[in-house]
Amino acid sequence: MTRRELNVALIGYQFMGRAHANAWRQVGAFFEPAATPVLKVVCGRNAEGVAAAAPRLGFAEHAVDFEEVVARPDIDVVDVCTPGDSHLEVVLAAARAGKAILCEKPLANNVPQAEAMLAAVREAGVVHMLCHNYRRAPAVQLAKRWIESGRLGRIHHFRGTYLQDWIVDPEFPRVWRLEKSRAGSGALGDIASHSLDLARFLVGEITEVSGLLETFVAERPLPEGGGRGAVDVDDAALALVRFENGAIGSVEGSRFAPGRKNHNRFEINGSRGSLVFDLERMNELQIYEEDGPDSGFRTVLVTEESHPYVAAWWPPGHILGYEHTFTHTILDFIEGVVAGTSPAPDFEDGVRNQRLLAAIERSHETRRWQSV
Ligand code: SOE
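Predicted, not measured: the structure shown is a model, and the values here were computed from it. (Residues numbered from 1 in each chain as written. Predicted model: local features only at pLDDT ≥ 70, side-chain atom pairs only at ≥ 80, totals over all residues. Heavy atoms only, no water.)

## Describing the state of the cysteines
Now for step 1: On inspection of all chains with the given rule, the structure shows zero disulfides.
Now for step 2: The thiol of C81 is not disulfide-bonded; the next cysteine sulfur, from C131, is found 7.2 Å away.
Now for step 3: According to the relative accessible area criterion, C81 is buried, its value standing at 8%. (Disulfide = S-S within 2.5 Å. Buried < 20%, exposed > 50% of the residue type's maximum accessible area, 1.4 Å probe, protein only.)

Right under this line is the structure:
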């Protein structure tokens, strides 16, 4: 029986577009997805840029009008990889056209937009998924298994830190991620949102936050030259969080941590033990068990075929990378599209994440704890 095909339209072709295109190309070579993706058309605002990107990314066609692309009857899936200021319009158009939708994080630039997107996909009855790729690092999936098996006991703490250093230089230009109108927020929505998603995935819902935002460099050179512009987003975002299940914790996202390149780390402490994950050592998971054989943390190399997703790749010790988290995400998205179910995190998770971001901003402004 020939496997069903899914015709893919990719909206956006820069960093996330490249990561997703790579995953759409790779998934069928290593897994048995329920349908075979066909890289039909990649869409971008810059005609020259998207025309050059199409062959490199493996797409048969390129286009500049997303409305026209998402309405095409031959398109089954729309993958949104643009900056946050266009997620709403692309998702509304794709939902209206009855397409399954994968959207990069954060879902939107504010809560009303995120809620409108969730309402639209529910109204249209289409499959929807939010790309928080780090959930599908094998070590993170293993952490989830350990927690759910009770290996850590009752969870008391989640401590997430997501640190980068790419804008520590005050002369680094004011790119779109540093503009509220484009990105919605700074480190808060760009990287702390990942930590918040992992907190929700591994520990549970968050009910209260106390937030602190800071912008260290208030203006920067404009990327296209011709002067300088104000930075109206946070350079760093911190939050104390209280979970529904009684755990407490902290989440930090900063782009001002020299030496930390993509240091997405979490430590979870429970009544029977602790675990530590660090994306910069993403094939390892550290565990400490109270009733373990010795007094220290052990490092587990998460590359055995019994570990999540690993069997499709390489023998033990032949480690995986950042790009594989996207392949695992797109594998599960394809399964969802074929089954007609929205894989987690879906747009409802996206709205919950967006409400956390907004509550952290409100708390910073009011200097008061905020319920979510
Ligand atoms: C830049 O901070 C960035 O590319 C984020 O936008 C991604 O979500 C993160 O995974 C890596 O860093």
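Here the narrative resumes, following the displayed structure.
## A closer look at helix α8 (residues 187-202)
Now for step 1: A rise of 1.5 Å per residue sets the reference length of α8, with its 16 residues, at 22 Å; its end C-alpha atoms lie 21 Å apart and thus fit the reference within 8%.
Now for step 2: At S193, α8 shows its strongest bend, of approximately 40 degrees.
Now for step 3: The buried fraction of α8 is high, at 16 of 16 residues.
Now for step 4: Of the residues one or two after α8, G204 is the one with positive phi, at around 140 degrees. (Helix = DSSP H or I, 4+ residues; strand = E, 2+ residues; numbered from the N terminus. Expected span 1.5 Å × (residues − 1). Bend = angle between axes of the 7 residues up to and from the residue.)

## Comments concerning the packing of helix α4 (residues 87-96) against helix α5 (residues 111-124)
Now for step 1: Packing of α4 against α5 brings their axes to within 9 Å, and their N-to-C directions diverge by 10 degrees. With respect to their mutual orientation, α4 and α5 come out roughly parallel. On α5, the residues touching H87, L88, V91, L92 and A95 of α4 are Q113, A116, M117, A120, V121 and A124.
Now for step 2: Its residues assigned to classes, the contact of α4 with α5 shows nine nonpolar, two polar and no charged. (Axes fitted to C-alpha atoms, helices over the stretch in contact; angles between N-to-C directions. Parallel < 35°, antiparallel > 145°, perpendicular 65-115°, else oblique. Contact = heavy atoms within 4.5 Å. Nonpolar A, V, L, I, M, F, W, Y, C, P; charged D, E, K, R; others polar.)

## Here's the deal with the sheet that holds strand β17 (residues 370-371)
Now for step 1: Taken together, the nine strands give an open sheet; going across it, the order is β16-β15-β14-β13-β7-β12-β11-β8-β17, and neighbouring strands pair in mixed fashion. One side of each edge strand has no neighbouring strand; the edge strands of this open sheet are β16 (298-301) and β17.
Now for step 2: Of the strands in this sheet, β7 (155-163), β13 (263-270), β14 (273-278), β15 (284-289) and β16 touch helix α6 (residues 138-148), which is tilted by about 25 degrees from β15.
Now for step 3: Of the strands in this sheet, β8 (206-214), β11 (236-243) and β17 touch helix α10 (residues 347-366), which is tilted by about 60 degrees from β8. (Pairing = 2+ DSSP bridges.)

## A closer look at unusual backbone geometry
Generally, phi is negative for residues other than glycine and the peptide bonds are trans, each holding for most cases.
Now for step 1: With an omega dihedral of -20 degrees, the bond running from K105 to P106 counts as a cis peptide bond.
Now for step 2: Positionally, P106 belongs in the loop between β5 (100-104) and α5.
Now for step 3: Here A344 and P345 are connected by a cis peptide whose omega angle stands at -5 degrees.
Now for step 4: Note that P345 resides in the loop between α9 (322-339) and α10.

## What to know about the pairing of β5
Walk down a regular strand and you will see the side chains alternate between the two sheet faces.
Now for step 1: Buried residues dominate β5, accounting for five of its five residues.
Now for step 2: Bridge count for strand β4 (residues 77-80) against β5 is four bridges, and the pairing is parallel. What sits directly across from D79, in β5, is L102.
Now for step 3: Handedness of the crossover is the feature at issue here: the chain leaves β4, passes through α4, returns alongside β5, and the resulting connection is right-handed.
Now for step 4: The pairing of β5 with strand β6 (residues 128-131) spans four bridges and is parallel. (Right-handed = clockwise from strand over helix to strand, strands pointing away.)

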